[in-house]
Amino acid sequence: MSWTRKLVPSYFSGAVLAAIGFIVGSQYVWRVIGGVNWNLNDPGASGNFLEQGFLVGFILMTVGWFIGIGALKYPFTWMLGMKDPDHAEELRLAGKDDGMIRYFRFTTDHKVVGIQYLVVTMTMLAFGGLGAMMIRTELLFSGAWAFPKETYNTIVTMHGMLMILTVISFFVGPFGNFVIPIMIGARDMAFPRLNAISIAFLIIGMAVYAFIPFMGLGDPLTTGAGVQTGWTIYGTLADQTGIGMDALGFAVFLAGVSSQVGAVNLITTVITMRAPGMSYTRMPMTVWGAIGSSILAALGTASLTVDVVMILMDRVFRTSFFFAATAGDFANNGYIGGGSAWLTQNLFWFFGHPEVYLLVLPAFGFVMDATSVFARKPLFGYKTAILGLFGVVVLSFLVWMHHEFVSGFLPELRGFYMASTELISVPTGLIFLVLLGTMWKGRLWMTVTMGFCFAFIWSFLIGGITGIYLSDVPADVQLHGGMFVTAHFHYTIVGGSLMGFLGALYYWFPKMTGRMMDSKIGWISFWGIQIGFNGAFLAMFYVGLQGMPRRVADYSPLFAGGNFVASISAFLLGASVILYFYNVIYSWKAGPIAEQNPWGAKTLEWTVPTPVPLENFEKIPVVTSGPYNYGEPVAPSAVPVPNVEAGPALG
Amino acid sequence: MNSRGNLRTPIILWVVCSIALAALYLFLAPILAQAGAIPPLASDVADNAYYIMKIFTLLSIPVFVGVVVFAAYSLFAFRSRGKPTDIGPQVHGNAKLLAWWLVASFVLITVLYVIGFNGLAQLEAAAPASALHVRVTAQQWIFDYTYTDYNIQSSTLYLIDNQPVEFTVTSLDVHHSFWIPEMGVKADAVPGELNTFVATPNKLGHYTVRCMELCGVMHSDMNTNVIVLSSSDFGKWVSQQMSARPAGIASAGQLPEAALLDASGKRS
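Values in this document were obtained by computation on a predicted structure and should not be read as measured data.

(A) Fine view of the overall build of chain B. The helix and strand tally for chain B stands at four helices and ten strands. Mapped from its N terminus to its C terminus, chain B presents α and β elements in the order α-α-α-β-β-β-β-β-β-β-β-β-β-α. Across the 268 residues of chain B, 37% fall into the buried class.

Quick look at the structure:
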């Protein structure tokens, strides 16, 4: 294939058109409409179409990206009533015979999208982790000694938002896309082009996000340089803060679209494309966890999008969604009032709470599957597990006001929200019952993945119990806004989702890359992660109890000891994650070749050869039993397979 | 490792370790509190909050120990050497265990809820008529206090020992949060809204206010002093303030520019 054919359309042509789009959009607004001087470092330029220029630039950058990667061709041909692509063209879109270049373009093959997600989310995780190391450097000693305060606040904001966006996607993106269709016996996702566009939205969203450190950090202190708000972007401070907020808002908007599109795709795929015999009660728990997460993403993300759009409108068009009529400098900036500061809290947390369950549900599902495989036992309560997962899904929409116990908003509702938040520990507890029961009297094979499952149990237990303290209103009054909260949610998100992700990557690495990750390096990185993680966040619980607020660049010497321990431990955690990443990269290139089913698992993805053929199955299997039935007689073959009969070829 | 295992060992371990950990906690908690693990408590609200937290800790100990013991026991008793050559018992669940687990969970959270509800009722009790009224106004990046009973403004918060105080908290610009760690007093300062909190200090001394909601660059520096005085000392301070007040001072609610008054009420 000629080079032009390879590179156009591709991510490279997309990047070129994106850059052109940004330059054209921003320059048009700044020069033609605004007529401002070109020196953006000039304080006089700020506010004078500066934001509008960036936003129009970002919009045209996004449009340019989608045109450049060739994503808009088929929607347009469909709208114009032209012929739909035939099977050969669809195979071409899926990257058939394209070699490595198919990973650098709009490709519909779910396995390619899965690998793209893996690389993108691991890159996001690396940058988020870099932000964490910078935070812990500043907090190593009191006195804001490493970064100026406005820079620190911006780092805190960027670390938080980037990690949230990473964890939203890092399970359902790589594994939801690569593994789940094979797991349910399908040839691809229900909407392959939507799949390709979901990763494209994430990539361009992250490109916009990357602008933030370069926007406004040199601004005068009083306007709040950089982005001072924390990831919760409360509208009051978000309206005021530096120009980076426009990039953050737009990036979050794009990433939100990516998440919702992916969610719809996954739910539809599971409902409509299961192989014959793959009833809902025969699906591996990983699929259920991903569905629960996708339901929350599909329903909840809109609330955040609305919050972000209102913030951008307040900033650019001087609407007043978040300001009641008050005195102070906001009146002087042309805000007319009539809004409500509580509105931003409610809009944010209506999304924000289901959000955190979105983050952990895929890990719940995976850890249950992995425990079953590595204990050689069925799940101790398949329906119990489903009850647990869906109890969490439903209740997660009914608890958000526990983030507002001290806000003064409708205090009479606090009793209800205390009850609902405490109630959500019941379905979560069922997951623990299933896990403990599954490993009981099993044949425990201590792979690195199983290690991460035990780490999950330990960490989520601590995270969950400390969450109960926060659910109690009198205790929360004392603990809200402090480092106790930070330690709690890191125990649940890092200890829950990240441990699940690291275990899942080690587990599915052989199927996705054809090679095994190194076990020795795996265990060393595992222990470094456990010691570093627990050291850092247990110390953080301690300084939280002592009275340290969160998101502070400087702190009283009272908290110096705990912070020092936390920072040193965090550096160990960071180094260990880097070691794990090294294991991934090295093993990808030079690890031992993997057999077809190295773990002896019973789910469908292990019945296909590696590398997985383009259309996954030669013939769609007919499934005759569940994914955990180790006791049923297996077909005599070198590799244990679930009980499937080769059915007729479909399609 | 025998791969049969038994239920008795982990259950005994569970009971013994729970009791031991609870005893250790009860022994260590006052020592750690003295050493600064929690702020020195100085109000009825704080006493209540930490009392509740103590009960929650004692109730969580068996939960925590139970999961850890059973997981660790499984790890030691059922571990296979390398890839397993046979499979475990094909047990799909246990309805009775599930039922008991659910019952125990609901009982536990009901207990937690009742404790919390009681504590909440205390928090929501209205301020008595004799309460001192303080209006807390937050703005980037200071807290300012107005004693609406006396029409006095101060940048240091003076309170009366054993007398209830009702804080009415608001903000002039962005979200802040007014927190006195030692007193368990926390109320978000939300622009355009009034947030009230009632507490009764019960120890003389010097305390600190911290801002608990990220509010911009100087968020970490929004600390002010709190001094709890006896009733007579407070009265002295009030009369000092009222006599030192220059004629024509702005009425309560507006801030004089650069209003930084030191402890004796003089402009610094």
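(B) Examining the overall build of chain A more closely. Broken down by element type, chain A carries 22 helices and two strands. Here chain A has a C-alpha radius of gyration of 25 Å; the compact-globule value for 651 residues is 26 Å, and the two agree. Viewed in the frame of its principal axes, chain A has a C-alpha envelope of about 80 × 60 × 45 Å. When the 651 residues of chain A are sorted by exposure, 63% land in the buried category. Taking all contacts inside chain A whose residues are at least 6 apart in sequence as the whole, residues at least 24 apart take part in 80%.

(C) Seen up close, the packing of helix 16 (residues 414–423) of chain A against helix 3 (residues 95–124) of chain B. Relative to each other, helix 16 of chain A and helix 3 of chain B sit at 155 degrees, their axes nearing to 10 Å. Here helix 3 of chain B runs roughly antiparallel to helix 16 of chain A, going by the angle between their axes. Seen from above, helix 16 of chain A lies across helix 3 of chain B with right-handed handedness. Contact residues: helix 16 of chain A offers Arg414(A), Gly415(A), Met418(A), Ala419(A), Glu422(A) and Leu423(A), while helix 3 of chain B offers Ile109(B), Leu112(B), Tyr113(B), Gly116(B), Phe117(B) and Leu120(B).

(D) Molecular detail of the sheet that holds strand 2 (residues 142–147) of chain B. Residue and element names in this part refer to chain B. Strand order across the open sheet formed by five strands is 3-2-1-5-8, with mixed pairing between neighbours. Two strands bound the open sheet, and with one partner strand each, they are strand 3 (152–154) and strand 8 (195–199). For this sheet, the mean inter-axis angle between neighbouring strands, taken without regard to orientation, is 25 degrees. Relative to strand 8, strand 5 (residues 165–171) is paired through five bridges, and the arrangement is antiparallel. Bridge pairing in strand 8 places threonine 168 opposite threonine 196.

(E) Structural detail: the nonpolar core. Counting residues in each nonpolar core, the largest one holds 280 residues, and the members touching the most others are Ala200(A), Val208(A), Ala247(A), Ala251(A), Ile457(A) and Phe178(B). Of all the elements, helix 14 (residues 341–375) of chain A adds the most residues to this core, at 21 residues. Both domains that furnish three or more residues to this core are identified here as domain 1 (8–79 + 96–124) and domain 2 (132–244) of chain B.

(F) Structural detail: the interface of chain B and chain A. Contacts between the two partners involve 74 residues from chain B and, on the opposite side, 83 residues from chain A. Among the residues forming the side of chain B that touches chain A, the class breakdown is 39 nonpolar, 23 polar and twelve charged.

(G) Layout of the domain arrangement of chain B. All names here are of chain B. What the domain assignment lists for chain B is domain 1 (8–79 + 96–124) and domain 2 (132–244). The straight-line distance from the C-alpha centre of domain 1 to that of domain 2 is 34 Å. On the domain 2 side, the residues contacting the nine residues of domain 1 number 13 residues. Of the residues in the side of domain 1 that touches domain 2, the class split is seven nonpolar, one polar and one charged.

(H) Looking closely at the confidence of the model for chain B. Residues and elements named next belong to chain B. When the pLDDT values of chain B are averaged, the result is 89; 90% of them are 70 or greater. Counting contacts from residues 248–268, a segment whose pLDDT is below 50, to residues more than four positions away or on other chains yields 26 contacts. We note a pTM of 0.92 for the whole complex and an ipTM of 0.91 for its interfaces.

(I) Structural detail: helix 11 (residues 244–272) of chain A. Taking 1.5 Å per residue as the helical rise, helix 11 of chain A with its 29 residues ought to reach 42 Å, and the 42 Å between its terminal C-alpha atoms agrees with that figure. Among the 29 residues in helix 11 of chain A, 23 count as buried, and that is most of the element.

(J) Molecular detail of the sheet that holds strand 10 (residues 224–229) of chain B. Residues and elements named next belong to chain B. Ordered in space as 4-10-9-6-7, the five strands form an open sheet in which the pairing is mixed. The sheet terminates laterally at strand 4 (157–160) and strand 7 (185–189), the two strands that pair on one side only. On average, each strand axis in the sheet is tilted by 20 degrees relative to the strand beside it, whichever way the strands run. Inspection of the sheet shows strand 6 (residues 176–180) paired to strand 7 by five bridges, in the antiparallel sense. What sits directly across from serine 177, in strand 7, is aspartate 188. In the packing of helix 4 (residues 231–244) onto the sheet, the strands contacted are strand 4 and strand 10, and the crossing angle to strand 4 comes to about 140 degrees.

(K) A look at the pairing of strand 1 (residues 132–139) of chain B. Residues and elements named next belong to chain B. Taking burial as the measure, the eight residues of strand 1 include six buried ones, the bulk of the element. Relative to strand 5, strand 1 is paired through seven bridges, and the arrangement is parallel. Note that in strand 5 the partner of valine 136 across the bridge is valine 169. Summarising the sheet, strand 1 and strand 2 pair through six bridges and their orientation is antiparallel. The partner of glutamine 139 across the bridge, within strand 2, is isoleucine 142.

(L) Summary view of the packing of helix 17 (residues 425–439) of chain A against helix 2 (residues 44–77) of chain B. Where helix 17 of chain A meets helix 2 of chain B, the closest approach of the two axes is 9 Å, and the angle between their N-to-C directions is 25 degrees. Comparing their axes, helix 2 of chain B and helix 17 of chain A come out roughly parallel. Our pair here, helix 17 of chain A against helix 2 of chain B, has a crossing hand that is left-handed. Listed contacts from helix 2 of chain B to Phe432(A), Leu436(A) and Met439(A) of helix 17 of chain A are Val67(B), Phe70(B), Ala71(B) and Ser74(B). Along the lines of polarity and charge, the residues of the contact of helix 17 of chain A with helix 2 of chain B split into six nonpolar, one polar and no charged.

(M) Structural detail: unusual backbone geometry. Residues Thr610(A) and Pro611(A) are joined by a peptide bond in cis, for which omega reads 0 degrees. The omega torsion across Gln140(B) and Trp141(B) is 0 degrees, close enough to zero to call that bond cis. Topologically, Trp141(B) is positioned in the loop between strand 1 and strand 2. Phi is positive for Arg376(A), which is not a glycine, with a value near 55 degrees. For Arg376(A), the position within the fold is in the loop between helix 14 and helix 15 (382–395).

(N) Region of the structure containing the confidence of the model for chain A. All names here are of chain A. Considering every residue of chain A, the mean pLDDT works out to 90; 92% of them sit at 70 or more. Within chain A, helix 21 (residues 519–546) carries the highest mean pLDDT (98), whereas helix 13 (residues 329–332) carries the lowest (51). Low pLDDT (under 50) marks residues 646–651, which in the prediction has eleven contacts with non-local residues, meaning those over four places away or in another chain.

(O) Quick look at the environment of Ile164(A). Residue and element names in this part refer to chain A. Within the secondary structure, isoleucine 164 sits in helix 7 (residues 149–169). For isoleucine 164, a count of 21 C-beta atoms within 10 Å gives the class buried. Linking isoleucine 164 and isoleucine 115, residues 49 residues apart in sequence, is a C-alpha distance of 20 Å.

(P) Broad picture of the pairing of strand 9 (residues 205–211) of chain B. Residue and element names in this part refer to chain B. Two elements, strand 6 and strand 9, share two bridges in a ladder whose sense is antiparallel. Bridging from a neighbouring strand, phenylalanine 178 pairs with cysteine 211 of strand 9. Where strand 9 lies against strand 10, five bridges are found, and the strand directions are antiparallel. Within strand 10, the position partnered with threonine 208 by the bridge is asparagine 225.

Conventions adopted
- Residues numbered from 1 in each chain as written.
- Chains lettered and ligands numbered in written order.
- Predicted model: local features only at pLDDT ≥ 70, side-chain atom pairs only at ≥ 80, totals over all residues.
- Helix = DSSP H or I, 4+ residues; strand = E, 2+ residues; numbered from the N terminus.
- Buried ≥ 20, exposed ≤ 12 C-beta atoms within 10 Å, placed from the backbone.
- Rg over C-alpha atoms; globule rule 2.2 N^0.38 Å.
- Contact = placed C-beta atoms within 7 Å.
- Axes fitted to C-alpha atoms, helices over the stretch in contact; angles between N-to-C directions.
- Parallel < 35°, antiparallel > 145°, perpendicular 65-115°, else oblique.
- Left-handed = near helix turned anticlockwise from the far one by under 90°.
- Pairing = 2+ DSSP bridges.
- Core = buried A, V, L, I, M, F, W, Y, C linked by C-beta atoms within 7 Å.
- Domains from an automatic or database assignment.
- Nonpolar A, V, L, I, M, F, W, Y, C, P; charged D, E, K, R; others polar.
- pLDDT = per-residue confidence, 0-100.
- Expected span 1.5 Å × (residues − 1).

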